[in-house]
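# Working through the structure, step by step
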Amino acid sequence: MQKTPSIAYNLSGWMDTSPEVRPAVNDNWQSRRELAAALRRLNTAVLTRDVPTELLQSVTATMQAEAARIEANEVVPGTKAQAERNSTQHGQLPDIFYEINPASGQSNAIAPPMHIWQTDGRVHACVTPSWSYEGPFEHLHGGIIALLFDQVLGAGQRITGVAGRTGTLEIRFHHPTLLNKTLHLVAKVDRVVGRKKFMVGELWADDVRTASCKGVFISERNWPDAIA
Ligand SMILES: CCCCCCCCCC(=O)SCCNC(=O)CCNC(=O)[C@H](O)C(C)(C)COP(=O)(O)OP(=O)(O)OC[C@H]1O[C@@H](n2cnc3c(N)ncnc32)[C@H](O)[C@@H]1OP(=O)(O)O
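This one's a predicted model, so the numbers in the text were calculated from it and none came from an experiment.

## Considerations on the site of the ligand
For the ligand, the set of nearby residues contains 18 residues, the closest of which are Asp150, Arg158, Thr168, Arg195 and Lys196. Asp150 is positioned such that a nitrogen or oxygen atom in its side chain is 2.9 Å from an oxygen atom of the ligand. A distance of 2.9 Å separates an oxygen atom of the ligand from a polar atom in the side chain of Arg221. In the complex, 55% of the free accessible area of the ligand, which totals 1200 Å², lies under the protein chains. Mapped onto the shell around the ligand, the elements with two or more residues apiece are α5 (142–156), β3 (165–173) and β6 (208–218). In the shell around the ligand, the residues fall into seven nonpolar, five polar and six charged.

Here is the structure:
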């Protein structure tokens, strides 16, 4: 007997079908997006400027005070807790997941962020990684490429209608990937064998395929709609 997932954990509606980033569901999430963008900008600026020590110390004091103002609010830790809160302000699980995912979340300052959409039985994504994601000189870190693939292939497996967790990712890095350039990813289901979904994907910078990936995603035995 399969356990029926709570409607609150259903991620249908998470995936876009348009290359345009969807609007935030409300002013609260729009404000979070804008704050995340400011934080990314600050991080990249700090990493790429020759900043006087006094200025760094002054900005740190300001940021500590600002962090304390945010921390003074009620704690709602993680996607699950936010979905269970189920308030107008926090939206539904697909909205929350869309906003706070570490690879694609528009409202997560850690995320580049990558935009993902589905069309024609494939999943597409675009992302413009800044200097914050540098690995080898002037190029994208391989671990970040793994993150992007995990997310895109992980989203793509849902074309099968069943969620699953990443079992294996195998990445081949063909060429260095430039920073500060819009990259495109594409992924599709190669085959499904029992609970295993075999995914394939590619990362492109203009007309150069800089990396390719094979992934195996494995559905849980009893909870097909469980989160990724
Ligand atoms: C719209 C939403 C978009 C969301 C995108 C999110 C993308 C991000 C996804 C993630 O990052 S998930 C987090 C990283 N992954 C994990 O934390 C997974 C940790 N590992 C596990 O939970 C379990 O090991 C796993 C669920 C992967 C497998 O456990 P099972 O107990 O279900 O597997 P089982 O041992 O019954 O084996 C089932 C089949 O899978 C195969 N298998 C098991 N582990 C495997 C593995 N790791 N890689 C490849 N194949 C594997 C196994 O050989 C077998 O094949 P056969 O049916 O042919 O015999």
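## Considerations on the UniProt feature "domain: Thioesterase" (unreviewed entry) in the chain
As annotated in UniProt, the feature "domain: Thioesterase" (unreviewed entry) corresponds to residues 138–210 in the numbering used here. Secondary structure over residues 138–210 splits into 21% helix and 45% strand, and the C-alpha atoms at its two ends are 14 Å apart.

## What to know about the sheet that holds β3
If you trace the six strands from one edge of the open sheet to the other, you get β1-β2-β4-β5-β6-β3, paired in antiparallel fashion. Pairing within the sheet leaves two strands with one partner each, and these edge strands are β1 (115–119) and β3. Adjacent strand axes in the sheet meet at a mean angle of 20 degrees, parallel and antiparallel pairs treated alike. By the bridge criterion, five bridges tie β1 to strand β2 (residues 122–127) in an arrangement that is antiparallel. If you follow Ile116 over to β2, its bridge partner there is Ala125.

## With respect to the packing of aromatic side chains
Applying the stated criterion across every chain yields a total of zero aromatic pairs. Sitting over the ring of Tyr98, Arg22 keeps its end group 4.1 Å from the ring centre. Of note, Arg191 hangs over the ring of Phe198, and the distance from its end group to the ring centre comes to 3.9 Å.

Rules of the game
- Residues numbered from 1 in each chain as written.
- Predicted model: local features only at pLDDT ≥ 70, side-chain atom pairs only at ≥ 80, totals over all residues.
- Heavy atoms only, no water.
- Near = heavy atom within 4 Å.
- Polar contact = N/O pair within 3.5 Å; in protein donor to acceptor, adjacent residues only side chain to side chain.
- Areas by Shrake-Rupley, 256 points an atom, 1.4 Å probe, with all protein chains shown as cover.
- Helix = DSSP H or I, 4+ residues; strand = E, 2+ residues; numbered from the N terminus.
- Nonpolar A, V, L, I, M, F, W, Y, C, P; charged D, E, K, R; others polar.
- UniProt positions renumbered as here; feature names shortened; annotations may be inferred.
- Pairing = 2+ DSSP bridges.
- Axes fitted to C-alpha atoms, helices over the stretch in contact; angles between N-to-C directions.
- Phe/Tyr/Trp six-rings, centres within 6.5 Å; stacked < 30°, edge-to-face > 60°.
- Lys NZ or Arg CZ within 6 Å of the ring centre and 35° of its normal.

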